[in-house]
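Residue strings, one per chain:
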Amino acid sequence: MGWFGASIKRKEDPAFLTGRGRYVDDIALPGMLHAVVLRSPHGHAAIRGIDKRAALSLPGVHAVFIHTDLPESMQRQTVPLLVPSPTIKQALMPYCLAKEEVCFVGEPIAIVVADSRYLAEDAAALVDIDFEPLPAVADCAQGLKPGAPPAHRGSPNNLAAFIPINVGNADAAFAQAAHVFREQIFQHRGGPFFMECRGMIAVPDVASDTLTIYVSSQGPHRHKRVLLDLMDWADHQLRIVTPDVGGGFGPKGSFYAEYGALAAAALAMRRPIKWIEDRHENFLSTQQERDQYWDVEIAVDAEARILGLRGTLTHDAGAYLPWGVVLPWIAATSVPGPYVIRNFHLDVSVAFTNKVPTSPVRGAGRPEAAVVMERLMDRVARELKLDRAEVRRRNFITPEQMPYKVGIIFRDGRPVTYDSGDYPVCQREALAAVDYEGFRARQAREEGRYIGLGIGNAVEATGLGPYESATVRVSTSGKLTVYTGATPQGQSHKTTLAQIAADHFGCTPDDITIVTADTAATGLGVGSFAARTAVNAGSSVHLASAQVAQKIKQFAAQMMEVAEQDVVLESGYAKVAGSDVKRSFREVAAVAVGMPGFSMAGGPSPGLEATSHFTPDQSTYSNGTHIAEVEVDIETGQVTVTRYLVMHDCGTVINPMVVEGQIVGGVIHGVGNAFFERLIYDDQAQPVSTHFGEYLLPLATDSPSVEVLHMETPSPLNPLGLKGAGEGGTIAAIAALLSAVENALEPFGVHIAEAPITPQRIVELLGEHALGRTR
Amino acid sequence: MKPPPFAYHDPTTIEEAADLIGRLDNAMPLAGGQSLMPMLNFRVVAPDHLIDLNRVAGLSYIDIKDGAGRFGAMTRQRDIEFSADVAKTFPVIHQALKHVGHRQTRNRGTIGGSLCHLDPSAELVNMVALHDGVLEAASRGGRREIRIADWVRGIMTNALEPGELLTGVMLKAWPVGHGSAFEEFARRHGDFAITAVSCLLTLERGTINRAALCVSGMGPAPVRVVEAERLLVGAKPGHDAFRAAAVVAQALDAMSDAYVTAAYRKHLARVLTYRALQRAVARAGGQG
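Residues numbered from 1 in each chain as written. Chains lettered and ligands numbered in written order. Predicted model: local features only at pLDDT ≥ 70, side-chain atom pairs only at ≥ 80, totals over all residues. Heavy atoms only, no water.

A. Local environment of the sheet that holds strand β2 (residues 27-30) of chain B. Residues and elements named next belong to chain B. With parallel pairing, three strands are arranged side by side in an open sheet as β1-β3-β2. A strand with exactly one partner marks an edge of an open sheet, and here the two such strands are β1 (7-9) and β2. When strand polarity is set aside, the average angle formed by the axes of neighbouring strands in this sheet is 25°. Note that β2 and strand β3 (residues 49-52) share four bridges and pair parallel. Counted as the bridge partner of Met28 is Leu50 from β3. (Pairing = 2+ DSSP bridges. Helix = DSSP H or I, 4+ residues; strand = E, 2+ residues; numbered from the N terminus. Axes fitted to C-alpha atoms, helices over the stretch in contact; angles between N-to-C directions.)

In structure tokens, the structure reads:
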């Protein structure tokens, strides 16, 4: 043992840092054609006709596929809804290519195939589509009002789903409350904006009627499941591989309609076809998280203890439901966070709009929930003239209450039960680290400067099931390989999973090859999202490695004629403890596969191989406290983050350096959501922000230096005590940053109830005060 | 995001370049390419001919003498930023250049490209307006000079006639000891400014005796705030003078877009004018 818990350098880095990463666009195959996805320019329109003749007449253009060119199975059915829910009123999903109606700018209508991407773009401009523009729904709250046009022709209204969440009796709690405060909060989170856009290559094998697909994704197994449905194919006909991925953040986990159409096009052309999403398309077609309107009230007693919380949430689904109602469900059920709330009632309305569909982006609705809860805590403190940290302390769930039943049903159908964590200590240590007690004095000393401190607490459901696969195999050459459905997008799985395995075999992580995301390597797989890989894949690697290590010892013991318990594994050998007698893994593996004609009956089962699908009972809950310090220039509204500290608890840590990287990246993501990232649409749902000149991501110069401190409360729910770490950096960040800005502007009574908050908006809220010295 | 087809031309002399641009229909010159290449990829422009000026001799120079600075149109922004002569004679240009994009884009971007592209917030256009610069154009028919006041014809539209190329720009230097400042507000470092204010002034016996004030980002072109300049000349530097000039700048017309309101641009014009004056006076050795 010894690799688990060590901050070793990433195995992935030498290749990535020297340009030897292999992303989808790096793959070039003989005879490969290039595709452009022709997308709707309208937010909502009927398609009256498509004339492809001019496009087809261009030299170098091979084909233009539209809906009626798709295989019968794709004309008959839409992309399936993978996560159904009884709360869904209208389960609308897109066809692989639009049939008679387009419902968002960017919806795929045709696939243009040519010798080069250049030619395909020239031809796409020549496809003549006769549109009849229809009224579009550009805002989810407006779309639910009576008389709003339907986002889908023929729909009775735009209500996609209605989710009532009820715990205890909120109205009774409010009736006896000493104080009730109401907050109306608009929140907008942008898109994932990974560095590598989406992309896919479909490679037909005409000799065997099979198809291999390379796709930039967060999990090829679910893509395979969808495509088998769409093509009416058997398992052996389809192999999907995800090579290196340059970021996913959630929306790369979805199956996009064009993937079906591209597969069909490659089969029809009998040649490989490559499609790479360009950045313009990325803004139009990759799913986003976008808009939520919250209207909530909190009831507290005279000591600021929460009695209840109630209100409504209106969530923008976009045009379809690629992830069902997972995103609003997580947002709604994450509101209580680390606080005791016995009575909770939230009515969630999920509305269709004529915009690109929404799906979870890193944090998956939890950042919005944390903003709501933490804004309310600040409000209670301000109204009751109490310290903000103290109000939170009085309401924390304590370690003695663990496991704690929140009373809510999570999206996995199980009651939300926090397994472990010490929230009061987490906040206390974070505050101590930034000298919270001394902050008021520092604030008062800074004459003419406006500095503020914000607190954000959050709990994160991580390690969601159902399972992740891991097959551990020692080949007859003695090489150790782990195959898993986990699909890294930058999370360092090839390092951390190797660390877990290495401890079982007495070798180094470099001795273990991790093969990820290939449906031919593992039959089952789920993918990497929801901060689930360490818990699911990590546990599976641990369990399968233990089994294989055991088998090595069994075979080696027979070969060396010693007792199994005397065999130790070290540096690629099975050794007899305390002697020079040893057998290499290669020798043991050769014996373990047997020899033709020689019976292995009565011995260990053949092969040095084991597969595990660790299936957790429920989520395990990470938590953290974020402290942000900011300075606001009241004349321009500019916010500078001057200090940022995270106290984070994700259970046992496989590699602290990797976790720290995840948290820092997550915080920067939160900085973007708090201050910069905004996708603007006009009133006909036409996207305005379609490039990085207008959609602003935080640059290095906007990113604070993030201090990370760890607590380790092991989860009792898996053998290694792991919890997820992929999203905790983002979840409490927006809440902490808004809190800090409001605190800095306290002398002016400015109240922040929206995210992102821009300098312009801060100047508006400051009014005359923004004149500053120029008054 | 791939450009439509075009023919590529690679001239090496100004005459050759002027001949191509005069002779070919729907031709565009390519300078540093920091705006044109994305516009080609977005298919916002679709020239039949692209005339690459990067190998044309005699278009890249910085020549400062006799109280004037002459800059070749193809002079890289990074070269101007690093010129000791510029920093000494035109300190405000040195300051402004640090706000032009990023190091990587300044390595390629040229002063002429920026002047022709005419982004409403472009720092270098502001600099030329602040100095009452004179632009030089060449065509097959010869050469002519165009004053900056006549250069901007509308949003991102310059005064070049068909067949003309911008070859350089001349700026008159301010006297040694003048005060200068460049104040810009952008969402992130390197972004196009929401509003930017530049200022030059000289002091005599504690009084402002000459001033130039130029605001960008409000409309299609940088605006010289002539009324504020008039107010400043003869004024004692200090809150009252700065505030008065700032209020004039705030009263300028401004545009709104999907992200920024006119009111915010005007507010920033006020705040940044005040700051620019404060800083310029300090640099001129005055109090305020």
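Structure's up, so let's keep going.
B. Region of the structure containing the interface of chain B and chain A. Contacts between the two partners involve 28 residues from chain B, matched on the other side by 34 residues from chain A. Interface area, chain B with chain A, both sides summed: about 2800 Å², of which 56% is carbon and sulfur. Of all residues in chain B, Arg187(B), Arg188(B) and Tyr259(B) give up the largest surface area on contact with chain A, accounting jointly for 29% of the area buried on that side. Applying the counting criterion to the chain B and chain A interface returns four salt bridges. For Arg275(B), the salt bridge is made with Asp633(A), and the minimal N-O distance between the two is 2.9 Å. Inspection of the chain B/chain A interface yields 18 residue pairs in polar contact (both at pLDDT 80 or more). Looking at the side of chain B that touches chain A, the elements that each hand over two or more residues are α10 (239-250) and α11 (262-283) of chain B. (Contact = heavy atoms within 4.5 Å. Buried area = accessible area lost by both parts, 1.4 Å probe. Salt bridge = Lys/Arg side-chain N within 4 Å of Asp/Glu carboxyl O. Polar contact = N/O pair within 3.5 Å; in protein donor to acceptor, adjacent residues only side chain to side chain.)

C. Representation of the pairing of strand β10 (residues 165-172) of chain B. Residues and elements named next belong to chain B. Of all eight residues that make up β10, seven are buried, and the element is covered over most of its length. In the sheet, strand β5 (residues 68-72) pairs with β10 via five bridges, with the strands oriented antiparallel. In the strand pairing of β10, Phe71 is matched with Val169. (Buried < 20%, exposed > 50% of the residue type's maximum accessible area, 1.4 Å probe, protein only.)

D. Here's a closer look at helix α20 (residues 733-744) of chain A. For α20(A), built from twelve residues, the straight-helix expectation of 16 Å at 1.5 Å per residue is met to within 8% by its first-to-last C-alpha distance of 17 Å. Residues of α20(A) that are buried include every one of Ala733(A), Ile734(A), Ala735(A), Ala736(A), Leu737(A), Leu738(A), Ser739(A), Ala740(A), Val741(A), Glu742(A), Asn743(A) and Ala744(A), and no others. (Expected span 1.5 Å × (residues − 1).)

E. Spatial organisation of the packing of helix α16 (residues 533-560) of chain A against helix α17 (residues 585-593) of chain A. Residue and element names in this part refer to chain A. At their nearest, the axes of α16 and α17 sit 10 Å apart, and the two run at 90° to each other. The orientation of α16 relative to α17 falls into the category roughly perpendicular. Of the residues in α17, those in contact with Ile552, Phe555, Ala556 and Met559 of α16 are Phe585, Glu587, Val588, Val591 and Ala592. Each residue belonging to the contact of α16 with α17 can be placed in one class, and the counts come to eight nonpolar, no polar and one charged. (Parallel < 35°, antiparallel > 145°, perpendicular 65-115°, else oblique. Nonpolar A, V, L, I, M, F, W, Y, C, P; charged D, E, K, R; others polar.)

F. Up close: the side chain of Thr487(A). Residue and element names in this part refer to chain A. Assignment of secondary structure puts Thr487 in the loop between β20 (480-484) and α15 (493-505). The buried category is assigned to Thr487, whose relative accessible area is 1%. Excluding anything up to four places from it in sequence, Thr487 contacts Ser217, Gln218, Gly219, Pro220, Thr242, His493, Ala517, Gly527 and Ser528.

G. Representation of the sheet that holds strand β9 (residues 199-205) of chain A within the structure. All names here are of chain A. With mixed pairing, the seven strands of this open sheet are ordered in space as β3-β5-β1-β12-β9-β10-β11. Taken across any chain shown, the strands that pair with only one partner, and hence form the sheet edges, are β3 (61-65) and β11 (238-241). Strand-to-strand twist across the sheet, computed as the mean angle between neighbouring axes with direction ignored, equals 20°. Here six bridges tie β9 to strand β10 (residues 210-215), and the two strands are oriented antiparallel to one another. By the bridge assignment, Met200 is partnered in β10 with Val215. Relative to strand β1 (residues 33-39), helix α4 (residues 117-124) is tilted by about 30°, and along the sheet it contacts β1, β3, β5 (108-114) and β12 (273-276).

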